[in-house]
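# Residue-level structure breakdown
One-letter residues, chain by chain:
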Amino acid sequence: MAHWLLKTEPEAFSLDDLKARGQEPWDGIRNYQARNFLRQMRRGDEVFIYHSRVATPAIVGLGRIVTEAHPDPTQFDPQSHYYDAASRPDAPRWDLVDIAYLAHCQPPVSLETLREMPEFADNPLVRKGNRLSIVPINESEWQAVLARVTLV
């Protein structure tokens with residue numbers, strides 16, 4: 001099993017939204033490196049849900065991958081913000097995975113805290129200017145975060 005961190009802006013889609021729905025497609029990824037990470041995800045992989053573009057960016061909860069990568073239908077919808085005119089149904093560019101809610105983290109683990117944790121020293125998340133919406137998380141990083149929280 002692999003571990004991942006998925007960034008989301010809570011005003012667009014929050015951990016509470018995921019909890020309310022139970023399961024949701026993680027759509028709208030339009031970065032090739034992030035898309036390639038989606039393609040590496042396997043059913044059962046666990047993810048940290050990270051709220052970005054908030055006063056205190058933080059890991060706020062956990063989810064689980066419930067489907068492996070498959071074409072993101074928003075790429076074909078001209079009414080969608082994520083429409084890609086160059087993508088074709090017979091050769092889709094963009095994928096998504098479905099995510100299930102697992103738990104909230106209490107307390108959330110802030111970006112500031114992550115930057116202070118030695119386990120995250122080499123993780124791209126803690127580097128200034130990192131804008132990637134999907135980040136792989138190694139086992140020591142995963143365990144270091146879980147040791148700081150209660151799952152509720």
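Our subject is the structure listed above.
Tallying secondary structure elements over the protein gives four helices and seven strands in all. With the principal axes as the frame, the protein shows a C-alpha extent of 45 × 30 × 30 Å. Looking at the protein as a whole, 46% of its 152 residues qualify as buried. By sequence separation, contacts in the protein at least 24 residues apart represent 72% of the contacts at least 6 residues apart. When the accessible surface of the protein is split by element, carbon and sulfur atoms take 48% of a total near 8000 Å².

Our focus in this paragraph is unusual backbone geometry. The step from Gln 106 to Pro 107 runs through a cis peptide bond, and the omega angle for that step is -10°. Looking at where Pro 107 falls in the secondary structure, it is placed in strand S5 (residues 95-110).

Let us now look at the side chain of Ser 110. Mapped onto the elements, Ser 110 comes out in strand S5. Non-local contacts of Ser 110, meaning those with residues more than four positions away in its chain, are made with Thr 56, Pro 57 and Ala 58.

Attention now moves to the environment of Pro 107. Looking at Pro 107, the relative accessible area reads 47%, which means it is partly exposed. Counting along the chain gives 44 residues from Pro 107 to Leu 151, while the straight-line C-alpha distance between them is 8.9 Å. Filtering out sequence-adjacent residues up to four positions away, Pro 107 remains in contact with Arg 148 and Val 149.

What follows covers the nonpolar core. In this structure, Leu 6, Trp 26, Met 41, Ile 49, Ile 99 and Ile 134 are the most contacted members of the largest nonpolar core, which totals 21 residues. Elements with a minimum of two residues in this core: strand S1 (3-8), helix H1 (15-21), helix H2 (32-40), strand S3 (46-51), strand S4 (58-71) and S5. Ignoring sequence-local partners within four residues, the contact set of Ile 134 consists of Trp 4, Leu 5, Leu 6, Ile 29, Ala 34, Phe 37, Leu 38 and Met 41. Leu 5, Ile 59, Cys 105 and Val 109 belong to the second-largest nonpolar core, a separate cluster that totals 19 residues.

Among all positions of H2, only Ala 34, Arg 35, Phe 37 and Leu 38 are buried. The buried side chains of H2 occupy one side of the element, clustering within an arc of 155° when seen end-on. Where H2 begins, the capping side chain belongs to Asn 31, and its oxygen is found 2.9 Å from the backbone nitrogen of Gln 33.

Within S1, six of the six residues are buried, which leaves it mostly tucked inside the rest of the structure. Taking every second residue as pointing to the same face, both faces of S1 are buried, with His 3, Leu 5 and Lys 7 on one and Trp 4, Leu 6 and Thr 8 on the other. Here S1 runs beside S3; their pairing, made up of six bridges, is parallel. Paired with His 3 across the two strands is Glu 46, which belongs to S3. Relative to strand S6 (residues 134-137), S1 runs antiparallel, the two sharing four bridges. Directly across from Trp 4, in S6, lies its bridge partner Pro 136.

This next bit is on the environment of Val 109. Its place among the elements puts Val 109 in strand S5. With relative accessibility at 3%, the residue Val 109 sits in the buried group. Once the C-alpha coordinates of Val 109 and Gly 28 are considered, the two residues, 81 residues apart in sequence, prove to be 25 Å apart. With residues near it in sequence (within four places) discarded, Val 109 still touches Pro 57, Ala 58, Ile 59, Leu 114, Met 117, Val 145 and Val 149.

Right, let's get into helix H4 (residues 139-146). Among the residues of H4, those classed as buried are Glu 141, Trp 142, Ala 144 and Val 145. Taken end-on, H4 shows its buried residues confined to a sector of 165°, consistent with a single buried face. Contacts from the buried residues of H4 go to S1, S3, S4, S5, helix H3 (111-116) and S6.

About the criteria used
Residues numbered from 1 in each chain as written. Predicted model: local features only at pLDDT ≥ 70, side-chain atom pairs only at ≥ 80, totals over all residues. Heavy atoms only, no water. Helix = DSSP H or I, 4+ residues; strand = E, 2+ residues; numbered from the N terminus. Buried < 20%, exposed > 50% of the residue type's maximum accessible area, 1.4 Å probe, protein only. Contact = heavy atoms within 4.5 Å. Areas by Shrake-Rupley, 256 points an atom, 1.4 Å probe, with all protein chains shown as cover. Core = buried A, V, L, I, M, F, W, Y, C linked by side-chain atoms within 4.5 Å. Arc of directions from axis to C-beta. Polar contact = N/O pair within 3.5 Å; in protein donor to acceptor, adjacent residues only side chain to side chain. Pairing = 2+ DSSP bridges.

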